[in-house]
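Chain residues, written in single-letter form:
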Amino acid sequence: MAKHPVLKTFYNSDKWINFRLGLINERGNKCSRCKQTIAKSKDIIGHHKIELTPENVHDNMISLNPELVDLVCFDCHNKEHNRFGYSGQKKVYLVYGPPLSGKSTLVKENMQRGDIVVDMDRLYAAVTLLPEYDKPDNLLSIVRGIHNQMIDNIKTRYGKWNNAWIIGGYADKYKRDRIANDLGAEIIFCDVSKDECLRRLKVDADRQYRQQEWEGYIEKWFESYTV
Ligand SMILES: [Zn+2]
Ligand SMILES: [Zn+2]
């Protein structure tokens, strides 16, 4: 079960035990996924849709919220967490679109804890400690090396991640389709007009001193975009 002591304490607490029993009384002893009857109530697992962490476990709206807890059987629970023999379930998404189209936001809203995200901007920030809009040219090859290493790992499904999200411009259809094919990735397009990207740039506090530079990136993306 949980590896953090604070989570073990939670799962052993009266409030969780009673909450779980309350759900079983209300919903019955069926697995909400496969609909099978679970003979012994001790085998019914209360699965948190938002994975509990030491930070969120004290928030009752997360840890003790009936909307966020499913009752499932052992097998379905393992599938849910991609445990043991179920690791073949890894999904890969290629999220593309122009600068400021909201790619990271889309990923943040859809990803789960335990997923990996590959994003050149983030990798740059990780090895330079600079803000994400400031990417020194001289480091491009080293950051690209890290990026490619991660792409290779995703391609071979190496490592214990759940799902992978690859974020990038990928304006060129040929290159986009090739990488998606290579990785077995599902393509997600952040479909935002040039005017909207430029409007967002104007009100973006982080990029206020780099307006022209980013206008250039936006223009370039739309020029090279192929459907
Ligand atoms: Zn089940
Ligand atoms: Zn669970």
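Residues numbered from 1 in each chain as written. Chains lettered and ligands numbered in written order. Predicted model: local features only at pLDDT ≥ 70, side-chain atom pairs only at ≥ 80, totals over all residues. Heavy atoms only, no water.

## Some words on the layout of surface pockets
- The computed volume of the largest pocket comes to approximately 1,800 Å³.
- Lining the largest pocket are 49 residues, and of these Met120, Asp121, Lys135, Gly168 and Gly169 lie nearest its centre.
- Of all the secondary-structure elements, those providing two or more residues to the lining of the largest pocket are α5 (103-110), α6 (120-128), α7 (140-155), β5 (164-168), α8 (173-183) and α10 (211-224).
- Sorting elements by how many residues they give to the lining of the largest pocket places α7 first, with seven residues.
- A class-by-class count of the residues in the lining of the largest pocket yields 17 nonpolar, ten polar and 22 charged. (1 Å grid on protein atoms, 1.4 Å probe; cavity = no way out; pocket = protein on both sides within 12 Å on 5 of 7 lines; lining within 4 Å. Points joined across faces, edges and corners; volume = space filled by probe spheres on them. Helix = DSSP H or I, 4+ residues; strand = E, 2+ residues; numbered from the N terminus. Nonpolar A, V, L, I, M, F, W, Y, C, P; charged D, E, K, R; others polar.)

## Considerations on the packing of α6 against α7
- Running from N to C, α6 and α7 cross one another at 120°; their axes reach a closest spacing of 10 Å. Judged on the interaxial angle alone, α7 and α6 are oblique. Our pair here, α6 against α7, has a crossing hand that is right-handed. Seen from α6, the contacting residues are Met120, Leu123, Tyr124 and Val127; seen from α7, they are Leu140, Val143, Arg144, Ile146, His147 and Met150. (Axes fitted to C-alpha atoms, helices over the stretch in contact; angles between N-to-C directions. Parallel < 35°, antiparallel > 145°, perpendicular 65-115°, else oblique. Left-handed = near helix turned anticlockwise from the far one by under 90°. Contact = heavy atoms within 4.5 Å.)

## A short note on the coordination of the zinc ion (ligand 1)
- Protein coordination at the zinc ion (ligand 1) comes from Cys31 (SG), Cys34 (SG), Cys73 (SG) and Cys76 (SG), with a distance range of 2.3 to 2.4 Å.
- Bound by four donor atoms, the zinc ion (ligand 1) shows angles of 103 to 114° at the metal and therefore tetrahedral coordination geometry.
- Written as a sequence motif, the donor residues of the zinc ion (ligand 1) are C-x2-C-x38-C-x2-C. Placement of Cys34 in the loop between α2 (14-27) and β1 (45-48) and of Cys76 in helix α4 (residues 74-80) is noted, with a sequence separation of 42 residues between them.
- Residue class for Cys34 comes out partly exposed when judged on its relative accessible area of 31%. (Donors = N, O, S within 2.8 Å, 3.2 Å for Na, K, Ca; no water. Tetrahedral: all angles 85-135°; square planar, octahedral: opposite > 155°, others 65-115°. Buried < 20%, exposed > 50% of the residue type's maximum accessible area, 1.4 Å probe, protein only.)

## As for the domain arrangement of the protein chain
- On domain assignment, one finds that the protein chain holds domain 1 (5-80) and domain 2 (90-224).
- If you average the C-alpha positions of domain 1 and of domain 2, the two centres end up 35 Å apart. (Domains from an automatic or database assignment.)

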